[in-house]
Amino acid sequence: MFSTANYSINGQWSENNIKMTSPSPFILQKLLKEAKEAGCEYAVIETSSHSIFYNRNYGIDYDVAVLTNISQDHLDLHKTMENYAATKLQLFTNLVSYRRKPGVRKVAVINIDSDYASMFLREPTPDIMYSYGMAANAQISSQNIHHYKEGTEFEIKMPSNIISIKTKLRGNFNVSNILAAVSVLISQKIDIPTIVEAIESVEVIPGRLEEIENNRGFMVFVDYAHTEDSLRNILETIKQME
Amino acid sequence: MILTEDDNYTENSLKIINEVSMGIKRKEGELFWIVPSRMDAIRTALVIAEKEDVVIIAGK
């Protein structure tokens, strides 16, 4: 897995200290080779609009593309939100033309709570498209959410069934991200018990409302938030926690 | 609220801090401070935090 916060190859974590979500294609390809040699079957690559704009993902034939959200950020590069969304959309448009591995379906997963969802839902789909979100009309949606100091409990409603989730992660943004992960896993035909077990085993996402234990009687959280949307999210999450 | 530097790339962090502070409605010194060094800013927050408080360290 390659993300803004860190890299992990087959359970071995290292910190992403380049201050960019995606490294250059040369480094990324080298890391992917390492991952393959370590026995990894899947690679999860957080793909920023910068990396699409600068072709840092050159040579990668994605099988699944996920839109989590688009909020005000990176305007030094894109100038307008419309350009920013259009850059992200390229990943989904290209999905159809990316090289196919035999028998592997091309999948688009869209967060319908995003202001820009309709733009992505209109895109001619490859083989499958899943919509997820807090909104009830999503194919994969959340319901009965309860926030606790220790984590969150909620249900995931899917077309065929409803599953209960207990997670140590906090905040609606984490519920939303879990829905994204579940959508991807279902598209890869991973069975439900394996999905539930994997989600419930996650202790913390580094830099995402990460709690720093202390003996001073107050709570300390480190969060990557640096946009209006993400700051509002963490403040609301902390207010909801009782 | 403590305002500090954050991942300024090639820009001048003090200039960014000034621009951000213009959008903050609180008066400096009244539940709002500017501490340009990030390490000092975090240290300040942990020193002034009291029991039952929540400290959020946000940014890249």
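Residues numbered from 1 in each chain as written. Chains lettered and ligands numbered in written order. Predicted model: local features only at pLDDT ≥ 70, side-chain atom pairs only at ≥ 80, totals over all residues.

**Notes on the overall build of chain B**
The following threshold applies: For the purposes of this entry, the term helix denotes a DSSP run of H or I that reaches at least four residues, the term strand denotes a run of E that reaches at least two, and both are numbered from the N terminus. Between the buried cut of 20 or more and the exposed cut of 12 or fewer other C-beta atoms within 10 Å of a residue's own C-beta lies the partly exposed class, and all C-beta atoms are placed from the backbone. Placing a C-beta atom from the backbone of each residue, one calls two residues in contact when those atoms lie within 7 Å.
In terms of helices and strands, chain B carries two helices and three strands. Going residue by residue from the N terminus, the α and β elements of chain B occur as β-α-β-α-β. Overall, chain B is about 40 × 25 × 15 Å in size when its C-alpha atoms are taken along their principal axes. The burial tally for chain B puts 3% of its 60 residues in the buried class. Contacts spanning at least 24 positions in sequence make up 45% of the contacts within chain B whose residues lie at least 6 apart.

**Regarding the interface of chain B and chain A**
The accessible area lost on association of the parts is a frequent measure of interface size. Test applied: Three classes are used: nonpolar for Ala, Val, Leu, Ile, Met, Phe, Trp, Tyr, Cys and Pro, charged for Asp, Glu, Lys and Arg, and polar for all others, with Gly counted as polar. Pairing between strands requires that DSSP locate at least two bridges from one strand to the other.
Taken together, the 14 residues of chain B in the interface contact 14 residues of chain A. Residues that form the side of chain B that touches chain A fall into these classes: six nonpolar, one polar and seven charged. Of the pairings in the sheet, the one linking strand β10 (residues 219–223) of chain A to strand β3 (residues 54–58) of chain B comprises five bridges and is parallel in character. Residue A:Val222 lies in a different strand from β3(B), and its bridge partner there is B:Ile57.

**Here's the deal with the confidence of the model for chain A**
For clarity, the cut-off: Confidence of the predictor in every single residue is expressed as pLDDT, which spans 0 to 100.
On average, residues of chain A carry a pLDDT of 88, and 97% of them reach 70 or more. Across chain A, strand β8 (residues 162–167) of chain A holds the top mean pLDDT of 96, while strand β2 (residues 12–15) of chain A sits lowest at 74.

**Describing the nonpolar core**
Residues and elements named next belong to chain A. This is how it is decided: Any nonpolar core is a set of buried residues, restricted to Ala, Val, Leu, Ile, Met, Phe, Trp, Tyr and Cys, that join up through C-beta atoms within 7 Å.
Formed by 33 residues in total, the largest nonpolar core has its most connected members in Ala65, Ala108 and Val109. A per-element tally of this core places helix α6 (residues 172–187) first, with seven residues. Excluding anything up to four places from it in sequence, Ala108 contacts Ala65, Phe92, Leu95, Thr125, Pro126 and Met129.

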